[in-house]
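Reading the structure
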Amino acid sequence: VQLQACGGGLVQAGGSLRLSCTASGRTFSSYDMGWFRQFPGQERELVAAINRSGGSTYYADSVKGRFTISRDNAKNTVYLQMNSLKPEDTAVYYCAQKVAGGSYYYISPRAYAYWGQGTLVTVSS
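Residues numbered from 1 in each chain as written. Predicted model: local features only at pLDDT ≥ 70, side-chain atom pairs only at ≥ 80, totals over all residues. Heavy atoms only, no water.

With respect to the helices and strands, K98 occurs in strand β9 (residues 91–98). A distance of 2.7 Å separates a polar atom in the side chain of K98 from the backbone oxygen of G101. Here the side chain of K98 touches S103 through a polar contact of 3.1 Å, landing on its backbone oxygen. Residue contacts for K98: discarding those within four places in its chain leaves R26, Y31, D32, S103, Y104, Y105, Y106, A111, Y112 and A113. (Helix = DSSP H or I, 4+ residues; strand = E, 2+ residues; numbered from the N terminus. Polar contact = N/O pair within 3.5 Å; in protein donor to acceptor, adjacent residues only side chain to side chain. Contact = heavy atoms within 4.5 Å.)

Moving on, we come to unusual backbone geometry. In the Ramachandran plot, N76 falls in the positive-phi region, its phi being about 55 degrees despite a non-glycine side chain. Mapped onto the fold, N76 is located in the loop between β7 (67–72) and β8 (77–82). The backbone of S84 sits at a positive phi, close to 50 degrees, despite the residue not being glycine. In this structure S84 comes out as partly exposed when scored by relative accessible area, which is 40%. (Buried < 20%, exposed > 50% of the residue type's maximum accessible area, 1.4 Å probe, protein only.)

Next up, the structure:
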C-alpha cells in the first residue's frame with residue numbers, strides 16, 4: 001500500500017488549505033482513513049477520521065468546525081479541507097489507513113497500518 005499526500009504549504013492565519021491523499025495497492029473503499037498531525041517532539045495526534053463509506057466522521061475538538069474530512073472512493077483519495085487556520089495548526093500532516101476491524105477510528109496511531117509521507121502545513125500569524 002502506498003499513500004501519497006500533498007497540498008501542504010504556507011498560509012496566513014485565517015486562510016485555507018486542502019490536503020489530498022491518494023492510495024494505491026489495495027481496495028481503498030474497504031478501509032477507514034485518518035489524518036494525523038505531528039508537532040516537533042510530540043507523538044502524532046488524530047485530527048480527523050472517516051469510515052469506509054464516508055458516512056461517519058470524527059474530529060478532534062481542536063479542529064471541529066474548521067476542518068472537514070471527506071473521501072472519493074472512485075478516486076482512491078481522502079481529503080482534509082482546513083479553514084480558518086491558526087498558527088497552532090502548524091505541523092506535519094499525515095494521512096493513514098486504519099487496520100481492518102473495530103471502530104472506524106482510534107486515537108492511537110498504532111491502529112493505523114499504512115502512512116503517507118507527511119506534508120508540512122505552516123500558518124503564519
